[in-house]
Structures are given as C-alpha cells and as structure tokens.
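# Architecture at a glance
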Amino acid sequence: MLLNIGHTSKYRFEHPVHYGLQQLRKTPKSRSSQAIRNWTIEIEGGRIETEFTDHHANDVTLISFDPSATEITIQCRGLVETTDEHGVVGKQRGCIPLWLFQRSTELTRATPNVRRLTKGLREAHDNDIALLHALSARIIDAVRYEIGQTDTATSADTAIERGSGVCQDHAHIFIAAARAMDFPARYVSGYLMMDDRTEQDATHAWAEAHIDGIGWVGFDISNAMSPDDRYVRVATGLDYGEAAPISGLRFGAGSEALTVDVTVAQQ
Amino acid sequence: MTSGQKFFDEMRGINDVTRAPYDAYASWFQSEDPKGLIKEAKEAEAFFRRTGITFNVYGQADAEERLIPFDIVPRIISSKEWALLAKGIDQRVRAINAFLYDIYHRQEILRAGRVPKELIARNEAFLPMMMGVEPPGGIYTHIVGTDLVRTGESEFFVLEDNARTPSGVSYMLENRETMLQMFPELFSSIKVRPVAGYPTALHASLAACMPPDPSPEPTVAILTPGIHNSAYFEHAFLADNMGVELVEGSDLRVRDGRIAMRTTRGYKPIDVIYRRVDDDFLDPLNFNPGSLLGVPGIFDVYRAGRITIANAPGTGISDDKAIYSYMPDIVEFYTGENAILKNVPTWRCSEPESLAYVLDHLAELVVKEVHGSGGYGMLVGPAASRKELEQFRAKLQAKPGGYIAQPTLALSTVPILTKAGLAPRHVDLRPFALFSPNGVQLIPGGLTRVALKKGSLVVNSSQGGGTKDTWVLEDD
Amino acid sequence: MLGKTAGGLFWMFRSLERSENTARLIETGFRIALTRPGSEEWASVLKTAAADQAYTANHGAVEQSRVINFLLRDPGNPSSVMSSFSQARQNARIVRTAITREVWEAVNDAYVSLKDRLARPVPERDLPDVLAQIRQHSALVRGTLHGSMLRNDMFDFCRLGTFLERADNTARILDVKYYVLLPSVMQVGSSLDNVQWETILRSVSGVRAYNRLNHGKATPMGIADFLIFDPRMPRSLRYSVTKILSNLRMLHAEYSDWHACHDTIERLDRRLTRQTVEEVFEEGLHEFLTEFLAETGRLGAEIETDFKFTE
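Residues numbered from 1 in each chain as written. Chains lettered and ligands numbered in written order. Predicted model: local features only at pLDDT ≥ 70, side-chain atom pairs only at ≥ 80, totals over all residues. Heavy atoms only, no water.

## Focus: the pairing of strand β10 (residues 185-192) of chain A
All names here are of chain A.
- Counting buried positions along β10 yields eight of eight residues, so the element is predominantly enclosed.
- Burial of β10 is two-sided: the residues A185, Y187, S189 and Y191 facing one way and the residues R186, V188, G190 and L192 facing the other way are all buried.
- Bridging between β10 and strand β12 (residues 204-211) involves six bridges; their strand directions are antiparallel. Each residue of the ladder has a partner; that of G190, found in β12, is H204.
- Inspection of the sheet shows β10 paired to strand β14 (residues 231-237) by six bridges, in the antiparallel sense. Within β14, the residue paired with G190 across the bridge is R233. (Buried < 20%, exposed > 50% of the residue type's maximum accessible area, 1.4 Å probe, protein only. Helix = DSSP H or I, 4+ residues; strand = E, 2+ residues; numbered from the N terminus. Pairing = 2+ DSSP bridges.)

In structure tokens, the structure reads:
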C-alpha cells in the first residue's frame with residue numbers, strides 16, 4: 001500500500017518565547033514492513049539545530065525557536081510504501097539489551113491494577129501471541145476508548161482507575177502488564193490510515209512485545225489487532241516520553257495552544 | 001574500636017621509629033619551636049579565609065561558607081610507594097573506562113556472567129541513553145579521583161573510585177601553595193615533586209578529547225552549578241588557572257548545532273565542557289526536567305558529536321558502591337591482569353548470606369549506602385551508640401540492596417600539630433588521574449583528608465575532617 | 001568574556017560605589033545633626049539614598065539611630081552599606097575568574113571585617129570609626145583594581161559601573177536640594193545658608209576642594225557649576241560622563257562594535273561640554289537633572305543589553 005502522509009503541528013504562544021527547543025521524533029525509517037519513498041520536515045518560526053540517532057535508533061531532530069517567536073509550525077510530509085507483516089517486526093537490533101525493555105517507568109508501573117489484568121492469562125494460554133492478544137482484549141474491555149479523559153502524563157495505573165483513555169493509555173497499560181509477565185515491551189508512535197477517512201484525529205500509538213523465537217510483535221490495543229499495511233512506525237521507546245513526536249522546553253511566560261493536523265491517504 | 005589498638009603511623013611506623021620518608025622532615029621539626037609553628041598554623045587559616053577557600057556544607061540551613069581546617073604537618077609518600085600506587089591507579093582507570101565502553105555497547109562482561117546483569121539493570125546510575133554513544137577520543141572518565149587508605153607498610157586499599165565529578169583538587173594545589181609560602185626552606189632541603197602543573201595538564205588532557213569536527217577556535221569551558229555550590233571555589237579556581245571561562249547553564253544555548261556561550265560580543269561555541277554538574281541536572285530537556293542548572297539540548301549536541309562532555313554522562317555506573325565489590329573482576333576481565341591495588345573486602349547486603357553476617361556483626365562494620373556520598377547515611381559500627389545501631393538495623397532490613405558493609409579498617413595515621421605537640425590522626429588519600437587518548441597521567445600528590453578528632457575514622461570535610469599537603473618525594 | 005562576567009564586574013563596582021556613597025550620606029547626616037540640632041537633614045538623606053519610602057514603610061517616623069541603622073546595616077534595605085557590600089562581594093564571587101587575586105582579597109577582606117563590625121547596631125560613638133573603615137576598604141579595593149588589573153574590557157566594565165553609579169548619585173544629591181539652589185529662593189550671586197551648601201558639598205566630599213577653588217564663597221551657581229560642570233571635580237557629572245565615554249570608547253576600540261550606548265554617551269558628553277551653568281538655570285535645574293537621570297538610566301539599560309549581561 002502506498003500511503004501519503006501529512007502531519008502539521010502548530011504552536012501558538014501567548015507571549016513571545018525568548019528561547020525554546022524541541023526534540024522531534026518524526027522521521028520514519030525504512031524496514032521490512034515499510035519503505036520510505038520520500039520524507040521532509042519543514043519548520044516555520046524556528047530552525048533545525050542538529051540531528052542524531054538515539055539509543056532506540058530513532059532519528060531525532062533538534063530545533064530551536066526563532067528569537068521572540070509567537071508561533072512555530074512543524075510540517076512533515078512523505079510517501080511510504082507498506083506491506084502487511086501481520087505485526088511481526090523482527091529481531092532486536094543494535095546494542096540495547098532486551099532486559100532494558102523490562103524496566104518499568106513512571107508511566108508504566110506494574111501496580112496492583114495492572115497486575116489484576118494479567119491474572120490467569122499464563123495458565124489459560126500456552127501460546128504467547130494468543131496470550132498477548134487476550135491481554136489486549138482485556139485492556140480495551142476495562143478501559144474504553146474516549147478522548148479527553150487523559151493526557152500525555154497519565155500513567156497506566158491512572159487510566160485503569162478512570163476506566164477510559166486513548167491509544168496511548170492502552171499502549172502504556174499493555175506495556176506495564178506485558179513487563180509484569182516478563183515480556184520485554186515497548187511503546188510505538190506512528191501513523192494509521194483509518195479506513196473511512198483521510199483526516200485523522202492525531203498520530204497513533206500502539207505497543208510491541210518481544211516473544212522468544214519470533215522477535216518483536218506489534219499490538220494495537222485500541223483497534224484490537226496487530227498492525228498491518230495501514231500502519232507506519234515512526235519512533236519507539238520505553239514509554240511515551242521516549243517516543244513522543246515532539247518534546248520541548250521554552251523560556252517565556254504565558255500559555256500555548258497546539259493544533260495538530262494529520263492526514264493519511266492511500267495514493 | 002578496641003582501645004589500645006596499634007595503628008600504623010606513617011611517620012613513626014608501629015615501633016615508634018621515624019620512617020625513612022619522614023627523616024628529613026622529622027629532623028627539621030625537631031629544630032623548630034612548637035609554639036612558633038602553632039602561631040604559623042593560625043596564620044595559614046587567616047590566609048585561607050582571605051583567599052576565600054571555603055566550602056558550603058550541604059544540609060545546613062544557614063549555608064555559610066566554612067573553611068576546611070588545614071594541618072601544617074605534611075603527609076609524605078616515598079617515590080617507591082608512589083610508583084606502586086601510580087601503576088595500580090593507571091590500571092584501574094583504564095579498566096573503568098573499558099568497563100564503561102562495554103556496558104554502553106555490547107555488555108560482554110554481563111554476557112560472560114562476570115558481573116550480574118541485575119546489578120546494572122536495576123541500577124539508577126546506569127544511563128540507557130548512553131547506549132551506543134561513541135565519546136570523543138573513546139574517553140568516558142577524563143578525571144578520576146581514587147580514594148585510598150593504608151593499613152600498613154605496604155598495605156594500600158582502594159576505598160572508592162570517584163569517576164563522576166571528583167572534587168578536592170583545589171585543596172591539593174592551595175595546600176601546597178600555602179606550605180611553599182610558610183616553609184620555603186623545607187622545599188629547598190627536601191625534594192618534593194611539584195603539583196602546580198595540574199591545571200595545565202588538565203587543559204591539555206581535555207583539549208586532546210576534542211570532538212571530531214571542532215569549531216574554528218577550539219574552546220574548553222567549565223560548567224558550574226553556580227556560586228551556591230559547595231565546590232564553587234574550586235570551579236572558579238580551576239577556570240582561572242586553566243585560563244578558560246567558567247559558565248553556568250544560563251550562559252549557554254544551542255546555536256548552529258553547537259553549545260555556545262553568551263559573551264559580550266555574542267555567542268561563541270564551546271567544544272569541550274568540563275562539567276561539575278551531576279548527570280541528572282545536566283540537561284532538563286533530556287534528563288530531570290526540573291533542573292534549572294543545566295543546559296537544555298546539550299545531550300542532543302553530544303549525541304550529534306559536536307561537543308565533548310567530561311566526564312561523560314553515565315560514568316556513575318562504574319563508581320557505584322555495589323559495582324565496587326566487582327572491581328577486581330572488572331580489572332581482570334579487561335586487562336587480563338590481577339588488580340594491583342586491593343579492594344576492601346565488601347559484603348553486599350543484597351545477598352541474603354551477606355546480610356545475615358552484616359546484621360550479626362553490625363557493631364564491628366562500616367555500612368554505607370550504595371548511592372551515598374560525602375559520609376552521609378553511613379554507619380561506623382564501633383563508634384555508634386546502641387540506639388544508632390538499632391535504627392540502622394531497621395533501615396538495613398527494610399532495604400538491604402541499598403547497602404554494602406566493610407570491615408572497620410585500621411586506617412593509618414599521620415601526626416597533626418596540636419597544642420600538646422604532634423598527635424596521630426587517621427587519614428585517607430585521593431590522588432587525581434587524568435585520562436586522554438595520550439594515556440593516564442597521575443599528578444604526584446593528592447588530597448589527604450584527616451580526621452581531626454582523636455580516634456575518629458571519618459575524614460569527610462562535611463563531618464569535621466581537615467586536609468594536609470601531600471608530598472611525593474623525588475627519587476633519591 | 002562572558003556577558004554574565006561583564007555584568008558581574010559592572011554590578012560589583014556599582015555596588016561598591018553605592019555602599020561608599022551611602023556611607024558618605026550617613027556621615028553628612030550625622031555631622032549636620034551634631035552641629036545643627038533640629039535640622040531635618042535625615043529626611044533628605046533618606047530621600048537622596050532613594051530609601052525614604054522603604055524607611056517610612058518599615059519604621060515610620062524619622063529618628064536618627066533608626067535611620068543610621070537602616071542605612072548602615074539593614075538587610076531589608078537593598079542600598080544599605082552592608083547590603084550593597086554583600087552584593088558587591090556576591091558579584092565578585094561570580095566574576096572570581098575575571099578579577100585578580102588582589103582585588104578579590106581586598107573585597108573579601110572588607111566583607112569579612114564589615115560583616116563582623118556591622119553584626120550589631122553601631123553605637124554613635126563608634127560611628128566615625130566604622131565609617132572611616134568603610135572608606136578605607138573602598139579605597140583599598142579601588143587601589144587593587146588600579147594596581148593589578150589588565151587595562152582591557154574587564155577593567156572598562158568595572159569603571160563603567162563605578163562612574164554610572166557616581167553620576168547618578170551626584171545628580172540625586174543635587175536634585176534633592178535643588179530648591180535651595182534656585183534663584184527664586186536666593187538672589188543669584190548672594191551667599192547660601194551654610195547648612196545647605198555644607199550638606200551638598202559634604203555629601204560629595206567636596207567642601208575643601210570647593211572652598212579652595214572659590215575662596216570660601218558659596219553661591220548656588222558656583223556649587224551647581226562645581227558639581228555639574230567642573231572637569232577637575234572627581235564626583236561631578238562632567239567628570240563621570242567623561243570617564244564613561246572614555247571606557248565605552250575603549251570597548252569600541254577593542255570590540256569594534258558600535259552600540260546604542262555609544263550614541264547615548266556621546267550625546268550626554270556633548271551636552272555637558274557645550275552647556276553652561278547659566279543655561280541650566282535658565283532651562284530649570286530640576287528639569288535638567290530629571291533629564292540627566294533619565295539619560296543615565298537609559299545608558300545603564302543599554303550597556304546591559306549591548307554587552308549581553310543577560311539574555
């Protein structure tokens with residue numbers, strides 16, 4: 001499938017920003033399930049300072065704001081050719097040891113709420129993939145998809161308490177629970193083409209767990225399936241914090257308003 | 001401590017006979033009027049106060065600047081003794097650096113099972129963001145301060161490897177300056193190896209670790225948390241003597257893909273930053289977002305290979321007290337040799353058998369927090385009251401993995417000058433090693449800390465310790 | 001040099017000058033109170049030190065021992081001698097690498113001994129001694145600066161701080177007393193009431209110098225001329241402006257950058273070289289001083305931005 005992706009984030013600041021930096025993880029990489037035909041990042045109201053590859057092999061772009069900026073716009077555009085690999089991503093590459101993905105983070109603590117979701121799963125399944133799909137189903141049962149109840153700082157535990165959340169919360173809960181069952185697990189941010197529309201609400205998020213003999217396998221909890229050729233992987237990390245499309249810091253008072261515009265369409 | 005226990009005195013040995021390295025000094029001392037010396041010692045204190053060599057004590061509300069007491073009797077090390085230490089430290093610094101490279105790359109030592117995986121996996125000092133980073137020149141630990149103690153004629157032990165941001169080198173330099181001013185005649189009769197070249201050597205060593213594509217005018221700078229930091233004097237002292245700028249986070253920005261400092265004429269790039277700010281506070285964009293001391297984006301620039309950070313982020317994993325007990329294995333694994341300098345035997349309280357032993361022998365042992373420093377959160381069993389012992393026992397049982405224990409060492413003594421004349425006091429030693437692609441350079445001297453209270457084994461300045469000038473003698 | 005360092009040097013010397021000026025004001029107030037009981041000199045001293053509102057808010061009625069304590073050692077008063085000196089020393093710590101050991105030791109010594117001396121309220125009988133000590137310390141710091149510092153940009157920033165504060169201070173002294181110098185109060189050319197001119201001249205340590213130059217004849221115009229235009233008087237506006245001009249020119253020579261502050265100082269200098277005291281009186285002394293203070297205020301802000309003291 002050939003996917004045409006457009007992703008614009010626009011920040012408006014109440015007062016001019018003296019100095020600000022943003023880390024972008026918005027560059028997808030070619031791999032077995034996806035070939036990047038072309039990809040561009042354009043910045044208005046700021047400039048690219050440097051680029052590097054982080055410890056999760058994500059391509060990171062550091063940008064700075066123009067002096068006294070009141071707006072900054074980051075626009076990504078590109079064409080990605082995808083194939084359906086049924087969620088299988090493959091072997092762990094690079095030098096990060098698998099055990100690192102068993103470390104829990106602030107957002108993915110294995111609290112009693114999280115552990116409750118794993119009860120009996122081991123006993124009921126002798127196949128890891130079936131087990132993890134069952135976990136995924138339990139999560140969407142317990143935490144219904146609802147926008148606006150949680151934000152990027154919401155932990156897995158809190159989302160379970162609330163009983164509602166978005167793809168990011170589902171991913172965090174899955175990661176926390178999978179790690180509690182000794183699976184290495186990680187967070188994935190990327191794009192999903194919804195079948196019925198071009199305009200998407202936001203970027204998408206799902207999770208991957210590492211299964212002996214198979215390697216990394218993706219689970220989109222919110223949509224109760226493994227990623228297929230409608231998915232484009234952009235960045236991974238232990239949780240949202242390490243894979244966020246934009247994380248930034250600015251000096252200057254006042255509030256900010258963000259508008260995000262994502263389009264994914266089949267070419 | 002059992003009273004009447006005999007300690008090795010570096011001046012008088014165990015048989016109360018002056019040891020060879022102290023011969024010349026002892027005969028000079030004999031000819032001096034003790035009252036006059038005491039008067040001179042007082043003058044030394046006035047000198048320190050004037051020059052502003054003070055430190056701020058952590059955890060005290062009225063963070064007034066305090067002086068670290070200085071004792072005028074030097075601690076003397078023969079050239080032969082020093083040669084052994086130098087060889088041992090050289091080996092250790094190289095091993096630590098090889099260990100860091102390995103831990104942040106393929107982790108062969110874990111695969112080989114020589115260091116347990118959990119020790120790294122559960123360690124907060126391990127910085128995953130450093131995985132796969134190639135530090136300029138391959139150097140992680142540009143400056144190492146190795147804490148040594150002595151218990152006998154040729155018994156030296158490493159107490160701690162300080163591979164993060166070891167401090168105290170300004171005392172090594174200022175103590176020598178003071179001694180040179182007070183007793184110039186001593187230095188003309190006794191051949192003491194100079195230490196004054198340290199700032200120049202440090203500058204050269206840092207400059208040898210430039211990033212691959214430095215700015216047109218390669219520049220070194222020192223990053224300080226600011227004037228309220230306990231070691232601010234040292235930061236300023238080093239910047240002054242190295243002829244480099246002393247910068248704070250607020251002076252720095254990311255400019256054109258580099259870290260640049262705000263000068264009276266605009267921003268100027270920095271290529272090597274000797275940071276005296278802890279990892280956690282180094283970069284609010286990448287580490288602790290609440291840090292106001294750090295430089296946002298410096299880690300991005302570091303990963304892009306446009307700045308050298310000395311010491312590299314994440315070196316704490318090598319001087320962690322839990323890792324310490326594996327140092328002999330680490331040295332052997334990377335150098336293929338036995339460790340020249342011995343470790344103090346250490347019980348890891350994370351291991352149930354060790355914990356049981358430690359709990360049974362608490363009154364004889366020194367127990368330390370794995371992540372603590374500065375002598376805080378530490379139990380000196382023989383000196384502790386019954387109540388303190390019981391309180392500590394509870395802490396240990398609650399979180400055994402947070403502690404290690406060591407036997408109470410019979411630390412050597414060196415005399416200090418008191419109103420009643422010379423009196424032995426316990427000491428330790430921190431020499432400073434510089435590491436660059438050109439090799440390990442050990443400055444012949446170091447910081448000798450001395451417990452001023454009779455019988456005390458705690459030498460930390462924050463706990464009432466003082467310092468001495470450390471003399472390494474030239475070859476005869 | 002770091003912008004922060006330049007700012008630290010500038011403020012270090014500005015604070016030192018301020019502490020010395022405050023000490024001089026206390027000395028003047030004390031002297032007048034001793035020789036002219038009943039005069040309301042303390043109120044005008046407070047006003048000159050720009051501390052009258054803070055004082056009234058904290059202490060109410062003007063009372064000698066309280067005023068002295070407030071100006072000398074009150075930590076709540078940012079321009080008290082001790083506060084200014086602490087700020088100077090704090091800045092010296094920030095710029096430790098830019099100043100010589102001699103300068104640092106002089107400031108640190110002074111701080112340590114003043115802190116000790118001012119740990120408790122100073123009894124009146126000790127006051128002359130304490131004030132003399134402050135003067136000596138200031139002189140020593142200035143002396144080490146002159147004797148040990150390289151004549152480069154660092155030196156220029158120290159001097160800019162000193163003379164900007166001095167110009168400001170002299171202008172404020174004149175402005176608080178401008179009414180006694182007005183022709184409407186006193187015939188031009190007639191002699192002034194002793195107390196008034198003595199206060200003004202004492203506040204700038206200029207009694208003897210003025211008398212020597214004017215043979216003891218104090219006229220409003222004579223005093224105004226002396227404090228505004230006399231290039232020989234080290235606390236006159238003209239002298240301070242000339243010094244600022246020369247240091248800013250040195251910076252221009254070293255950096256070859258021309259900034260807004262250069263325009264401002266040239267303008268100020270032109271005015272003081274071309275105008276006469278008669279013209280000032282015609283224009284109105286108060287108006288002249290108000291404008292002068294606005295110009296030095298602007299100059300200070302420009303120096304701060306032009307040389308990047310802060311971002």
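Now that the structure is up, let's keep going.
## Some remarks on the domain arrangement of chain C
Residue and element names in this part refer to chain C.
- You can read the domains of chain C as domain 1 (1-149) and domain 2 (151-311).
- When each unit is reduced to the centre of its C-alpha atoms, the spacing between domain 1 and domain 2 is 21 Å.
- In this assembly, 31 residues from domain 1 lie in contact with 35 residues from domain 2.
- Together domain 1 and domain 2 conceal approximately 3,000 Å² of surface at their shared face, both sides included; 58% is due to carbon and sulfur atoms.
- The interface formed by domain 1 and domain 2 includes six salt bridges.
- E165 serves as the salt-bridge partner of R18, at 2.9 Å between the closest nitrogen and oxygen. (Domains from an automatic or database assignment. Contact = heavy atoms within 4.5 Å. Buried area = accessible area lost by both parts, 1.4 Å probe. Salt bridge = Lys/Arg side-chain N within 4 Å of Asp/Glu carboxyl O.)

## Side note on the interface of chain B and chain A
- On the side of chain A, 24 residues touch chain B, which itself brings 26 residues to the contact.
- With both chains or domains summed, chain B and chain A bury close to 2,100 Å², and 63% of this area falls on carbon and sulfur atoms.
- Ranking the residues of chain B by area buried against chain A places L285, D300 and R303 of chain B at the top, with a combined share of 24%.
- D256 of chain B serves as the salt-bridge partner of R47 of chain A, at 2.9 Å between the closest nitrogen and oxygen.
- Taken together, the links from chain B to chain A amount to nine residue pairs in polar contact (both at pLDDT 80 or more).
- Elements represented by at least two residues in the side of chain B that touches chain A include exactly α5 (117-121), β8 (252-255) and α11 (298-303) of chain B.
- Its residues assigned to classes, the side of chain B that touches chain A shows 13 nonpolar, seven polar and six charged. (Polar contact = N/O pair within 3.5 Å; in protein donor to acceptor, adjacent residues only side chain to side chain. Nonpolar A, V, L, I, M, F, W, Y, C, P; charged D, E, K, R; others polar.)

## Describing the side chain of E302 of chain C
All names here are of chain C.
- Of note, E302 is situated in helix α15 (residues 285-306).
- Here E302 is buried and forms no salt bridge, its nearest opposite-charge partner R298 lying at an N-O distance of 4.8 Å.
- A distance of 2.5 Å separates a polar atom in the side chain of E302 from a polar atom in the side chain of T264.
- Discounting residues that sit within four places of it in the chain, E302 has contacts with A260, C261 and T264. (Lys, Arg positive; Asp, Glu negative; His and termini not counted.)

## Here we look at the pattern of salt bridges
Residues and elements named next belong to chain C.
- According to the stated counting rule, one finds 62 salt bridges over all chains in the structure shown.
- R271 is the partner of E291 in a salt bridge, and the nearest nitrogen-oxygen pair spans 2.8 Å. With E291 in helix α15 and R271 in helix α13 (residues 260-274), this pair connects stretches of sequence that are 20 residues apart.
- Overall, E291 belongs to the partly exposed group, its relative accessible area being 39%.
- Using a relative accessible area of 23% as the deciding quantity, one classes R271 as partly exposed.

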